[in-house]
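Residues per chain are reported as follows:
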Amino acid sequence: MEKSIKLMKVWKEYIPGNPVLKGISLEVKRGEFVSIRGRSGAGKSTLLAIIGLLEKPSSGTVIIFGKDASNISDEEASSIRLRKIGFIFQSFNLIESLNVLENVELPMALAGIDSKTRRRRAMELLAKFNMDRLAWRMPWQLSVGERQRVAVVRALANNPELILADEPTSSLDEENSEIVLDLLQQINKDKLTTIVLTSTNLEERLPTHRDYLLRNGRLIRIK
Ligand SMILES: Nc1ncnc2c1ncn2[C@@H]1O[C@H](COP(=O)(O)OP(=O)(O)OP(=O)(O)O)[C@@H](O)[C@H]1O
Ligand SMILES: [Mg+2]
């Protein structure tokens, strides 16, 4: 099967002599759902940022969608991020001055899709996940769980091949965590969207194919 992501001996240090990642090797195939768990400060966001072409590794190789990241220009990287990768962040994920519909439309607008098409697609996406009733609400009128679900839907805006979800359940209670995880599982199954998700909760049951623990800069497979 096609590989979405391949990391080989990836090191990252922000401060010289103080590596956060120490030789990470990881392969994720198209359609896989993988988690990276680890305590706060373990380097989970750093790893996702490297996969998502937001950070460069200090050494090692990153291959994404079959391309060596070291040969990808900044311009191409932003295009890949916009069109092929859906990002979900732990908090501050919605633009406060835009309503739900406009938030979902935003990545499509950035990709140059015309306003009529993007409105229709955003509405369809919201309806598909039973959130069309939230379309005209502002972010401050949503519960934290609803916000995170909207963030998940927005990550789908440009029909990405890969979703990078950084602690999407950290700020949610058990019930809302389950809703968001079910949503991600549905997306993973429906469209064979590859998902890499992080969590600080080492016990949380996740609908993943494989789980890893990030500790002392290294990745240990735990499921
Ligand atoms: N831009 C940066 N400059 C310097 N150090 C950084 C930078 N980003 C992260 N770090 C450091 O790298 C380490 C790993 O940070 P990272 O954010 O990747 O951890 P994390 O596992 O995502 O933690 P959390 O669960 O709290 O989000 C931390 O010690 C952090 O202080
Ligand atoms: Mg983090």
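Below: a short report on this structure. This is a predicted model, so every value here is computed, not measured.

## Structural notes on the site of ligand 1
- As a matter of local geometry, ligand 1 sits amid Y14, V20, R39, S40, G41, A42, G43, K44, S45, T46, E167 and T200.
- A distance of 2.8 Å separates an oxygen atom of ligand 1 from a polar side-chain atom of S45.
- Here the residues of the shell around ligand 1 sort into 3 nonpolar, 6 polar and 3 charged.

## Quick notes on the layout of surface pockets
- The computed volume of the largest pocket comes to approximately 400 Å³.
- Lining the largest pocket are 20 residues; nearest its centre among them are R81, L82, I85, F87 and P107.
- Elements represented by at least two residues in the lining of the largest pocket include exactly α2 (74-84), β6 (85-88), α3 (100-110) and α5 (144-155).
- Tallying contributions element by element places β6 first for the lining of the largest pocket, with 4 residues.
- Residues that form the lining of the largest pocket fall into these classes: 14 nonpolar, 4 polar and 2 charged.
- The volume enclosed by the second largest pocket comes to roughly 320 Å³.
- Lining the second largest pocket are 17 residues, and of these E174, S177, L181, E204 and R205 sit closest to its centre.
- For the lining of the second largest pocket, the element with the most residues is helix α6 (residues 174-191), which contributes 6 residues.
- Class assignment of the residues belonging to the lining of the second largest pocket gives a composition of 4 nonpolar, 7 polar and 6 charged.

## A look at the side chain of R37
- Within the fold, R37 resides in strand β3 (residues 33-37).
- When its relative accessible area of 4% is taken as the criterion, R37 is described as buried.
- For R37, the side chain forms a polar contact with the main-chain oxygen of E204, separated by 2.7 Å.
- Excluding residues within four positions of it along the chain, R37 makes contact with K44, S199, N201, L202, E203, E204, L206, D211, Y212, L213, L214 and I222.

## Focus on the sheet that holds strand β8 (residues 194-199)
- One open sheet holds the 6 strands; their spatial order is β6-β7-β8-β3-β9-β10, and the pairing between them is mixed. With partners counted over all chains shown, the strands left at the sheet margins are β6 and β10 (218-221), one partner each. Strand-to-strand twist in this sheet, taken as the mean axis angle between neighbours without regard to direction, amounts to 20°.
- Where β3 lies against β8, 5 bridges are found, and the strand directions are parallel. Pairing of F33 across the sheet is with I195, part of β8.

## Observations concerning the pattern of salt bridges
- For the structure shown, the criterion picks out 16 salt bridges.
- With a shortest N-O distance of 3.7 Å, K6 and E27 are connected by a salt bridge. With K6 in strand β1 (residues 3-15) and E27 in strand β2 (residues 18-29), this pair connects stretches of sequence that are 21 residues apart.
- Close ionic contact of K223 with D211 constitutes a salt bridge, the shortest N to O distance being 3.7 Å. Of the two residues, K223 sits in the segment after β10 while D211 sits in strand β9 (residues 210-215), which places them 12 residues apart along the sequence.
- The network of salt bridges with shared partners includes R37, D211 and K223.

Analysis parameters
Residues numbered from 1 in each chain as written. Chains lettered and ligands numbered in written order. Predicted model: local features only at pLDDT ≥ 70, side-chain atom pairs only at ≥ 80, totals over all residues. Heavy atoms only, no water. Near = heavy atom within 4 Å. Polar contact = N/O pair within 3.5 Å; in protein donor to acceptor, adjacent residues only side chain to side chain. Nonpolar A, V, L, I, M, F, W, Y, C, P; charged D, E, K, R; others polar. 1 Å grid on protein atoms, 1.4 Å probe; cavity = no way out; pocket = protein on both sides within 12 Å on 5 of 7 lines; lining within 4 Å. Points joined across faces, edges and corners; volume = space filled by probe spheres on them. Helix = DSSP H or I, 4+ residues; strand = E, 2+ residues; numbered from the N terminus. Buried < 20%, exposed > 50% of the residue type's maximum accessible area, 1.4 Å probe, protein only. Contact = heavy atoms within 4.5 Å. Pairing = 2+ DSSP bridges. Axes fitted to C-alpha atoms, helices over the stretch in contact; angles between N-to-C directions. Salt bridge = Lys/Arg side-chain N within 4 Å of Asp/Glu carboxyl O.

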